[in-house]
Number of protein chains: 2
Amino acid sequence: MPRILRIAAAQMGPNQRADERSTILARMIALLDRAADDGAQLVVFPELAFTTFFPRWLLQPEDVDGYFEPAMPNPAVQALFDRAAERRIGFYVGYGELADGRHFNTSVTVGPDGGVLGKYRKVHLPGSVEPRPGDRFQQLEKRYFEYGDLGFPAFWGPKAWHEPVLGMLVCNDRRWPEAWRCYGLQGVELMLMGYNSAAYDPNGGTAENEAIRTFHSTLAVQANAYMNACWAVSVAKAGNEDGSGLIGGSCIVDPNGTVVAQATTLGDEVVVADCDLDACRQGKEKMFNFAAHRRPQYYGAIIDQVGATPPPKPAVSTEERRSA
Amino acid sequence: MPRILRIAAAQMGPNQRADERSTILARMIALLDRAADDGAQLVVFPELAFTTFFPRWLLQPEDVDGYFEPAMPNPAVQALFDRAAERRIGFYVGYGELADGRHFNTSVTVGPDGGVLGKYRKVHLPGSVEPRPGDRFQQLEKRYFEYGDLGFPAFWGPKAWHEPVLGMLVCNDRRWPEAWRCYGLQGVELMLMGYNSAAYDPNGGTAENEAIRTFHSTLAVQANAYMNACWAVSVAKAGNEDGSGLIGGSCIVDPNGTVVAQATTLGDEVVVADCDLDACRQGKEKMFNFAAHRRPQYYGAIIDQVGATPPPKPAVSTEERRSA
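Participant: Before we move on, could you go through the pattern of salt bridges and cite the residues and values that matter?
Facilitator: All names here are of chain B. For the coordinates displayed, the defined rule picks out 51 salt bridges over all chains. Ionic pairing is found between Arg87 and Asp37, a salt bridge with its closest N-O pair at 2.8 Å. One end of the pair, Arg87, is in helix H3 (residues 78-87); the other, Asp37, is in helix H1 (residues 21-37), and 50 residues separate them in sequence. Judged by relative accessible area, Arg87 falls into the partly exposed class, the value being 30%. Measuring nitrogen to oxygen at the nearest pair gives 2.5 Å for the salt bridge that ties Glu97 to Lys119. Of this pair, Glu97 sits in strand S3 (residues 90-99) while Lys119 sits in strand S5 (residues 116-121), and the two are 22 residues apart along the sequence. The buried category is assigned to Glu97, whose relative accessible area is 5%.

Participant: Which residues make up the sheet that holds strand S1 (residues 4-11) of chain B, and what values go with them?
Facilitator: Residues and elements named next belong to chain B. Read across the sheet, six strands follow the order S5-S4-S3-S2-S1-S14 without closing on themselves; strand pairing throughout is mixed. Every interior strand has two partners, whereas the edge strands, S5 and strand S14 (269-276), have only one. Neighbour-to-neighbour, the strand axes of the sheet open up by a mean angle of 30°, direction not taken into account. In the packing of H1 onto the sheet, contacts are made with S1, strand S2 (42-44), S3 and S14, and the angle to S14 comes to roughly 40°.

Participant: Kindly report on the relation of the copies chain A and chain B, identifying the contributing residues and their values.
Facilitator: Least-squares fitting of chain A to chain B yields an RMSD of 0.0 Å, with the transformation described by 0.0 Å of translation along the axis and a rotation of 180°. On this basis, the relationship between the two copies can be described by a two-fold rotation axis. Interface overlap between copies is the fraction of interface residues in one copy that are interface residues in the other; for chain A against chain B it reaches 100%, indicating a shared surface.

Participant: Quick rundown of the state of the cysteines? Include the residues and the values.
Facilitator: Per the counting criterion, the structure on display carries zero disulfides over all chains. A disulfide-free cysteine, A:Cys275 has its sulfur positioned 9.3 Å from the sulfur of A:Cys280, the nearest such atom.

Participant: An account of the sheet that holds strand S2 (residues 42-44) of chain A is needed here, citing residue identities and associated values.
Facilitator: Residues and elements named next belong to chain A. The strand order S5-S4-S3-S2-S1-S14 describes an open sheet built from six strands, whose pairing is mixed. Each edge of the open sheet is held by one strand with a lone partner, namely strand S5 (116-121) and strand S14 (269-276). Taken over all neighbouring pairs, the strand axes of this sheet differ in orientation by 30° on average, direction set aside. The pairing of strand S4 (residues 102-110) with S5 spans five bridges and is classified as antiparallel. Note on S5: the bridge partner recorded for Ser107 is Tyr120.

Definitions and limits used
- Residues numbered from 1 in each chain as written.
- Chains lettered and ligands numbered in written order.
- Predicted model: local features only at pLDDT ≥ 70, side-chain atom pairs only at ≥ 80, totals over all residues.
- Heavy atoms only, no water.
- Salt bridge = Lys/Arg side-chain N within 4 Å of Asp/Glu carboxyl O.
- Helix = DSSP H or I, 4+ residues; strand = E, 2+ residues; numbered from the N terminus.
- Buried < 20%, exposed > 50% of the residue type's maximum accessible area, 1.4 Å probe, protein only.
- Pairing = 2+ DSSP bridges.
- Axes fitted to C-alpha atoms, helices over the stretch in contact; angles between N-to-C directions.
- Contact = heavy atoms within 4.5 Å.
- Least-squares fit on C-alpha atoms with pLDDT ≥ 70 in both.
- Disulfide = S-S within 2.5 Å.

Written as structure tokens, this is what we have:
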């Protein structure tokens, strides 16, 4: 018997800095209602869903904490939790977490009863601590957040969802196969992630545009879902946010790496798919039967070093040797 | 100044068991000539290029060594080496390696002067040791080969190629992000690989067909090239080989994960691309600047365990807790 979970990706259009929290929350509740009306049991919102993507600016220190949530839930988001519990729909949401004075780029997954099932803190923070001189938009996540300190903690979904093994990522994490594999090694069946990804080269330069960055985003999710034999739901905050472009392309991907649903706009949009969790079995039991096929004795460099180190150069090249 | 290397993917149609070695070698030399005529400096041949894909059968023990090369080069392949050196074109080729009685699924890369630049032995052997009862075609690589014991040794290409850092994989390795990352951590700029991939589910069953398996093959190469910011050349032996179907889809992929050239047939076919090795810099210096962004302290599971282990199940589910 298939284990079908109907999932919605709730892409959000931009949150402008001037928007009231109540306005943003009303949009999220409208998206949640749309997902629930479509019969979804789980709806996935973006990274930093309650605010604008503030790491694009160098903020005054006293302005930073205003972008963070002191608890989850809290009065400023309670209406979303209440509506979700009322409709018996779970959700993933990303937010700035302020925990005892520490700042993280965090996500939670909430069950159909309103209880928090799991929490994750973003490990792969992109960007820099110091701003790039002269650039209008920055990528300062390394300035405003600490690196996530929870590792990659998979967790079980409820019986109403057929008890999938769930994992979460946040934005840039989705490009890092190490993160996916750490969940894959826990048998993950469903990966949830939200993102805010610039529609231009976020590290400066002009080498990347909106089309290639949307392609990268989808490609990374497709291949990592395939290579870990899991479903994946990857959801954008998109569009022109405070004058800075964000890609869309929110998608639901099956364990073959096939995109089964994808947003077509840069605004608030819900796409839905019926995800048979047992579709993971083909990959997990055959091609990606890790116990049968992985060879960790040769993977040491993944742990033993951080950056890239080129191999030693031969003292004399083959060509020179031959001509000598 | 761009560092442009013109590379050819030399897809091969099937090698039937009844084909003479001289016939197969003549086809390979014709492909090499076509690549050289197109101005390519490096041509990539498939895995086990000199023979049929024999692991599909349960062989009599005395018949096994006939599919292996006792040395590389050796008289039965010397004509290919000679023509390559004459045309000043390098090549990658996969073959069964017999080394002091040990058997490996091996590849070498040969420089424009005919010298071997690097050797690799396949780490990720698919299939099984024992045949599946009742199946006409098997996948018995674990029976005929030892696991590769050289790790993932990157090496330098010659000055005539602008000295790229090169890496090799063989077939199923391309689906394993650990293998790519071990090369990525050596700054690899160009990954070469050949494959023989069944056009049906090679592990038994009917869940996979030629279309999805070709999609998987290309997807894995695209995403891993992107996530390691390198070029990749992935080359099939394709078509109906001894009654068993092999996918095609040989491709050259850039560091964005974009397919820049792809074979369209299931036969002998050469596709060529000009690969600017400096196109790797965008990824290596920004998004995939490993030194700046990797967090190995959380990747331990990749080394510490082989198979997947699910997370502990909560003793009492949230739902039960709430309803208690």
